[in-house]
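Overview (structure and organization)
Chain by chain, the residues run as shown.
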Amino acid sequence: LIPASVRNDVVATLNVLLEAKRRRTTRVVMAGSMEEPSGDAAEAVPSSPYAAAKWVTAGYARMLATLHDLPVVVPRLMMTYGPGQKAYKVVPATMLSLLKNRPINLGSGSRLVDWVYIDDVTDAFMRAAVLPYPGAASIDIGSGQLVSVRDCLQTIGDLTGRGHLLNFGILPDRPLEMVRAADGERAARLLDWRPSTTLREGLALTKESMVKLVPNVRSTSSA
């Protein structure tokens, strides 16, 4: 059986890249991931099927760019968050639980993450699409700063006034989680891009968008 990550990430992305090559598309912007392993290919170990799939698709992009002149740009996204994110992701799942005044069980929250707000990511994608072609090497898109999941979620608790509902250390942590902060030099040089939204600002904007989804919610704190 073909794993879902191969079908949904590798095959689907490769089909898009090959069709773009056939149509002589002038620019393809393909999302990379912070989950991709780093280091020598002979020793790098992906931390999940998703990480392996993103690693493979980035390799295909570089191959098609180098051998077949397909102009692919690969922004490698750090931990993106913001309005409209899938509800099972850690930021919206935590925020929804707190807005509904429900306790939420969590892991230790010790993982260090480079958080980047969706509006900043969109800006980076637009620049990658229209600026002079920078080549297919991955370009890190993130703040360059590591903040633990626990600190991020405690900020959500502060913004909603319900931090007492955060139950850390109940669930096990995932093994082999990637820790990577963006190297902002390439994005600044090639895309003239730096993030403009702080983590607290982005979480406050996310909270305001989610309050509209939860009837009769009143958070007891402000941004």
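Refer to the structure above for everything that follows.
Below or above, wherever it landed, is the structure these notes cover. Predicted model, so just to flag it, every value in this text is computed and none were measured. (Residues numbered from 1 in each chain as written. Predicted model: local features only at pLDDT ≥ 70, side-chain atom pairs only at ≥ 80, totals over all residues. Heavy atoms only, no water.)

**Side note on the overall build of the protein chain**
Formally: Each helix is a run of H or I in the DSSP string that is no shorter than four residues. Each strand is a run of E no shorter than two, and both are numbered from the N terminus. Radius of gyration here is computed from C-alpha atoms only, and the compact-globule reference equals 2.2 Å multiplied by the residue count raised to the power 0.38. A 1.4 Å probe rolled over the protein chains alone gives each residue an accessible area, and that area as a share of the maximum for its type sets the label: buried under 20%, exposed over 50%, partly exposed in between. Any pair of residues with heavy atoms lying within 4.5 Å of one another is described as a contacting pair.
When its secondary structure is counted, the protein chain shows seven helices and eleven strands. Here the protein chain has a C-alpha radius of gyration of 19 Å; the compact-globule value for 223 residues is 17 Å, and the two agree. Across its three principal directions, the C-alpha atoms of the protein chain cover 55 × 40 × 30 Å. Relative to its full complement of 223 residues, the protein chain shows a buried share of 42%. Counting contacts in the protein chain only where the partners sit at least 6 residues apart, residues at least 24 apart contribute 84% of the total.

**Things to note about helix 7 (residues 199–211)**
To keep it simple, the criterion reads: One fewer than the residue count of a helix, multiplied by 1.5 Å, yields its expected span.
Between the first and last C-alpha of helix 7 there are 18 Å, a value that for 13 residues agrees with the 18 Å anticipated at 1.5 Å per step. Listing the buried residues of helix 7 in full gives G202, L203, A204, T206, K207 and M210. The elements touched by buried residues of helix 7 are strand 5 (79–81), helix 3 (90–99), strand 8 (115–117) and helix 5 (149–160).

**Topic: a nonpolar patch on the surface**
For clarity, the threshold we go by: Here a patch means residues that are over 30% exposed by relative accessible area and free of salt bridges, tied together within 9 Å if like-charged and within 5 Å if nonpolar (Val, Leu, Ile, Met, Phe, Trp, Tyr). Where accessible areas are quoted, they stem from the Shrake-Rupley method and a 1.4 Å probe; at the residue level, only the protein chains shown are allowed to cover. The salt bridge criterion pairs a side-chain nitrogen of Lys or Arg with a carboxyl oxygen of Asp or Glu, the two atoms within 4 Å.
Where nonpolar side chains cluster on the molecular surface, the patch consists of V56, Y60, M63 and L67 and spans about 330 Å² of accessible area. Residue position: V56 is located in helix 2 (residues 49–68). With a relative accessible area of 35%, V56 lands in the partly exposed category.

**Digging into the packing of aromatic side chains**
Stated precisely, the cut-off is as follows: Stacked, tilted and edge-to-face are the three classes assigned to paired rings of Phe, Tyr and Trp, where Trp is represented by its six-membered ring and a pair needs centres within 6.5 Å; plane angles under 30 degrees give stacked, over 60 edge-to-face, the rest tilted. Any Lys NZ or Arg CZ found within 6 Å of a ring centre and within 35 degrees of that ring's normal is scored as a charge over the ring.
Inspection of the entire model under this criterion finds two aromatic pairs. When the ring of Y81 is compared with that of Y117, the centres are 5.6 Å apart and the planes differ by 55°; the resulting orientation is tilted. One end of the pair, Y81, is in strand 5; the other, Y117, is in strand 8, and 36 residues separate them in sequence. The burial state of Y81 is the same as that of Y117; both residues are buried. An aromatic cluster of three or more residues is present, and its members are Y81, W115 and Y117. Of note, R150 hangs over the ring of F168, and the distance from its end group to the ring centre comes to 4.2 Å.

**Quick word on the pattern of salt bridges**
Under the defined criterion, the tally for this structure stands at nine salt bridges. E19 is the salt-bridge partner of R22, the closest N and O atoms lying 2.6 Å from each other. Here the residue R22 and the residue E19 both occupy positions in helix 1 (residues 4–22), the gap between them amounting to three residues, near one helical turn. Using a relative accessible area of 30% as the deciding quantity, one classes E19 as partly exposed. One salt-bridge network, held together by shared partners, links E19, R22 and R23.

**Details of the layout of surface pockets**
The line we're drawing: A pocket here means an open set of points on a 1 Å grid, computed over the protein atoms alone, that has protein on both sides within 12 Å along at least five of seven lines. A cavity is instead a set of points where a 1.4 Å probe fits but cannot get out; residues with an atom within 4 Å of a point line either one. Grid points are joined across faces, edges and corners, and a volume is the space filled by probe spheres set on the points. When residue character is reported, Ala, Val, Leu, Ile, Met, Phe, Trp, Tyr, Cys and Pro are called nonpolar, Asp, Glu, Lys and Arg charged, and the others, Gly included, polar.
Reported here for the largest pocket is a volume of approximately 1,500 Å³. Taken together, 46 residues line the largest pocket, and the ones lying closest to its centre are E35, M79, K89, V90 and R174. Breaking the lining of the largest pocket down by element, the ones donating at least two residues are strand 2 (32–33), helix 2, strand 5, helix 3, strand 6 (104–105), helix 4 (118–130) and helix 5. The element best represented in the lining of the largest pocket is helix 3, accounting for four residues. A breakdown of the residues in the lining of the largest pocket according to their chemical character gives 23 nonpolar, 14 polar and nine charged.

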